[in-house]
Amino acid sequence: MTLFWLGIDEGNSFPPIQQALSDPNGLLAAGGDLSPARLLAAYRIGVFPWFSEGQPILWWCPDPRTVLRPEGFHLSRSLRRSIRRHEWHITINQAFDAVVRGCAEPRQSESETWITREMQVAYSRMHELGWAHSLEVWRDDLLVGGIYGVAIDRLFCGESMFMRVTDASKVALFSLCRILRSADFRLLDCQMHTPHLASLGAVEISRSDYAKSLLDNVRDLKPWNPAPIPDTAERLL
């Protein structure tokens, strides 16, 4: 099957997600831009950008899809002890660009990041418009972990998370799930399967089931305005 190429001046439509390639799994289209309008159009139908420096913008909709129901987060005994042992301070949207930069830092096993400068600029713009959000984890006034993503109606599309001390990314995801659940979010999109996400409660569903979930949970194109949150992760237990 020939890969569909998006033009910059051809609107924000995508080909049907059923046309995504099976190898590589979920590759749907290439090209276009990372404008807020195109990103919102993509997330509303289950598509997200993912590419490396030097590549064109690549758009994906894998099958199966990894998701986490906010009420389905698996809180292990060890993580519960960690939350009670340390003063993990939690904030929302207080250091968005710093969280994105933290997520862009190459992992130990990797020499480069997919969160290119182009991606950072695009999501910073989405944050300014109220669509992209970050959750920050602090210890001793130091940013030690966090997660960011895009929220539309009752869907939160997680883009990436990071940690600089043990358990910080787990605390970030735990806190986000608790907050999303209290705000009546129904779905946290994790995009791709990893053993780490699976250990925290993420599950795989078919692409068609994910598309059906979007019909139920993305009815209104409205941004999320988070309510005040507890200042420590322990208060979310």
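One can find the structure itself at the top, above this paragraph.
(A) How the structure looks around helix α7 (residues 207-217). Within α7 the residues assigned to the buried category are R207, Y210, S213, L214 and N217. The buried side chains of α7 occupy one side of the element, clustering within an arc of 110 degrees when seen end-on. Away from the buried face of α7 by more than 90 degrees, exposed residues K212 and L215 are located. Of the surrounding elements, those touching the buried residues of α7 are α1 (36-44), β5 (65-68), β8 (142-152), β9 (155-163), β10 (187-191) and β11 (203-205).

(B) Inspection of the sheet that holds β8 at higher detail. Judged by pairing direction, the sheet is mixed, and its seven strands sit side by side in the order β6-β7-β8-β9-β10-β5-β11 without closing on themselves. The open sheet has two edge strands with one neighbour each: β6 (89-92) and β11. Across the sheet, the mean angle separating the axes of adjacent strands is 35 degrees when strand polarity is ignored. As judged from the three bridges shared by β9 and β10, these two strands associate in the parallel manner. Pairing of F156 across the sheet is with L188, part of β10.

(C) View of the side chain of S124. Residue position: S124 is located in helix α4 (residues 117-128). The exposure class assigned to S124 is buried, which follows from its relative accessible area of 15%. In this structure, S124 is in contact with F96 and D97, ignoring residues within four places of it in sequence.

(D) Quick look at the pattern of salt bridges. Tallied over the full model, the rule gives seven salt bridges. Note that E105 is salt-bridged to R164, the shortest N-O span being 2.7 Å. In this pair, E105 is assigned in the loop between α3 (96-104) and α4 and R164 in the loop between β9 and α5 (168-182), connecting sequence segments 59 residues apart. Judged by relative accessible area, which is 35%, E105 ranks as partly exposed. Of the charged contacts in the structure, one is a salt bridge between R235 and D231, with a shortest N-O distance of 3.5 Å. A residue is classified by how much of its surface remains accessible, and D231, at 37% relative accessible area, is partly exposed.

Conventions used here
Position numbers for residues count from 1 along each chain, tracking the sequence in the order it is written. Confidence filtering applies because this is a predicted model: local features only for residues at pLDDT of at least 70, side-chain atom pairs given and counted only at 80 or more, and all residues used for totals across whole chains, interfaces and linings. To obtain the side-chain values, all non-hydrogen atoms of the structure were included, while hydrogens and water were left out. Accessible area is worked out with a 1.4 Å probe on protein chains only. A residue is then buried under 20% of its type maximum, exposed over 50%, and partly exposed in between. Here a strand is any run of E in DSSP of at least two residues, a helix any run of H or I of at least four, and the numbering for each starts at the N terminus. It is the directions from the helix axis to the C-beta atoms that the arc portrays. Any pair of residues with heavy atoms lying within 4.5 Å of one another is described as a contacting pair. In this scheme, strands are said to pair when DSSP sees at least two bridges between them. To obtain an axis, a line is fitted to C-alpha atoms, over the contacting stretch when the element is a helix, and the angle between two such axes runs from 0 to 180 degrees between their N-to-C directions. Salt bridge, as used here, is a side-chain nitrogen of Lys or Arg placed within 4 Å of a carboxyl oxygen of Asp or Glu.

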